[in-house]
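Chains, contacts and geometry: an overview
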Amino acid sequence: MPQAKLIRLASELFHSGMDYWRDTPDLPPLTGMTLDQDDAEIARGWLRRPAEWNDLSGVTAFEQSFAQWNGSRSAFALSAGRKALSACIHALELKPGDEVIVPGYTCVVVQNAFDFAGVSTVYCDIELDTFGPEAQSIASRITPRTKAILLHHLYGLVCRDYEAILKLAREGRLKVIEDCAHATGARFRDRRVGTYGDVAFYSCEWSKVFTTIVGGVAVTNDPRLAERMKQFTANCGWPAPAAVDEQLRTVIRAFLQAKAGARWWALPWARFVHGIHDTVSTSDAEMEGRRPEDYFTRMPAPAAELGQNQLRKLDRYNEARRQAAAKWDGWCDGQGLRKPLVLAESQPVFLRYPVLVDPKRKRDTNWAKRELKVNPGVWFKTHLHPSARPVTGCPNADRAVAECINFPCLPMPAL
Ligand SMILES: *Cc1c(COP(=O)(O)O)cnc(C)c1O
């Protein structure tokens, strides 16, 4: 269909040129904000070398860099954060009949990881200061079958009840899984988050604080658990070449989309050359709780090199996010809105800046686009986002579902 492709190119160039000329381009997306020209060049280079996509040496190098940077003993790179969670579940030897306490305000892929392992989940409520699991609620959910607690640091905030939850786990001899999907690089006291629990996982999906479009890392400080994570990762296959090809082309488009400074013809041209099919992180099957075929895959070499490059820039980007959050603090003060809590002795990374607003303002966020010139996120629209599977008995989570919107912290808001 070269003709259709050319017509699309002409139309895209026209609209892109109009936006440029009117100086009112679309609002920045919520994805790929840490991708730069150098990342796009890495992706272009790998597109020419498919024979090397399954080369382990670069992947091992990334795992070592991540572990060192994070202050973890071992790290294992997989093709998504949700698969890194599966590596954590395998490491902890959680089995059918075991229960894990999970916040009733999370992504459906977290629930899926437990379902795929046959492990039962019990939902606890969250608090509305940092949207983390509430220690009291966790305590009320513990049964003789409870084996582990999953805590998360949502929006890049270090969760309010961090220490209380770690203490509960110690006292009950329960394992702690840290979901650091939003919080890569955040600190508590002298360490990064994810180094306090038994195991943790991070995400470099394209809406997260650093990105390889899809990808994730599992970590642990325990040599015995590391051995099991290693075994899990080694048993994973490599992603299909078509998937890696699509991932690399998505890097190029996502960079051009995210950086306002890109030339007006660059994105239409990239779509002409590389196509328009972006990598989908959650398939329809996963949304419905089914495991896709060839699901458990490791991180391929091109993503590992992108991950290395992103890691080098991550602390700098996270600092920029904190500066943006200070602007949002000022905006909240002006609006009389409650600011998210920055836990004492913590340094968050503000993937997003969460606020509770009138439910009407969550259902339709056009007001923010008009008044604030930002595209607010709506994580999470449901308790097991974005699936409609019900969660009951979590009133604070109900409120966050209805009222929590979250502002981007990259680029700097023009407040
Ligand atoms: C994105 C996300 C995950 C999963 O990460 P993927 O890399 O997309 O698999 C897990 N937990 C939370 C809270 C997330 O937002």
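Residues numbered from 1 in each chain as written. Predicted model: local features only at pLDDT ≥ 70, side-chain atom pairs only at ≥ 80, totals over all residues. Heavy atoms only, no water.

**Focus: a nonpolar patch on the surface**
A surface patch of nonpolar side chains, about 400 Å² in accessible area, is lined by Trp 264, Trp 265, Trp 269 and Val 273. Tracing the chain through its elements places Val 273 in helix α10 (residues 266-274). (Patch = residues over 30% accessible without salt bridge, like charges linked within 9 Å, V, L, I, M, F, W, Y side chains within 5 Å. Areas by Shrake-Rupley, 256 points an atom, 1.4 Å probe, with all protein chains shown as cover. Salt bridge = Lys/Arg side-chain N within 4 Å of Asp/Glu carboxyl O. Helix = DSSP H or I, 4+ residues; strand = E, 2+ residues; numbered from the N terminus.)

**Quick word on the pattern of salt bridges**
Opposite charge on two side chains lets them pair, provided their charged atoms get close. Taken as a whole, this structure holds 28 salt bridges when the rule is applied. One salt bridge in this structure joins Arg 189 and Glu 163, with 2.9 Å as the shortest N-O distance. Residue Arg 189 is located in the loop between β7 (187-188) and β8 (191-192), and its partner Glu 163 is located in helix α7 (residues 162-172); the two are separated by 26 residues in the primary sequence. Accessibility expressed as a relative area gives 41% for Arg 189, which makes it partly exposed. Here Glu 163 falls in the partly exposed class, since its relative accessible area comes to 41%. One connected set of salt bridges, linked through shared partners, spans Asp 36, Asp 38, Asp 39, Lys 259 and Lys 313. (Buried < 20%, exposed > 50% of the residue type's maximum accessible area, 1.4 Å probe, protein only.)

**Some thoughts on the sheet that holds strand β9 (residues 199-203)**
Think of a sheet as strands paired side by side through backbone hydrogen bonds, with each pair either parallel or antiparallel. Read from one edge of the open sheet, seven strands run β1-β10-β9-β6-β5-β2-β4, paired in mixed fashion. The open sheet terminates on both sides in strands that have one partner only, identified here as β1 (74-78) and β4 (120-124). Neighbour-to-neighbour, the strand axes of the sheet open up by a mean angle of 20°, direction not taken into account. The pairing of strand β2 (residues 99-103) with β4 spans five bridges and is parallel. Looking at the pairing, Pro 103 lines up with Cys 124 of β4. Sheet strands in contact with α7 are β5 (146-152) and β6 (175-179), and its direction is about 170° off that of β5. (Pairing = 2+ DSSP bridges. Axes fitted to C-alpha atoms, helices over the stretch in contact; angles between N-to-C directions. Contact = heavy atoms within 4.5 Å.)

**Side note on unusual backbone geometry**
Backbone torsion omega between Trp 379 and Phe 380 reads -10°, so that peptide bond is classified as cis. Note the cis peptide between His 385 and Pro 386, where omega equals -5°. Looking at the element boundaries, Pro 386 is found in the loop between β13 (384-385) and α15 (395-403). The phi torsion at Tyr 155 lies on the positive side, around 60°, for a residue other than glycine. Mapping Tyr 155 onto the fold places it in the loop between β5 and α7.

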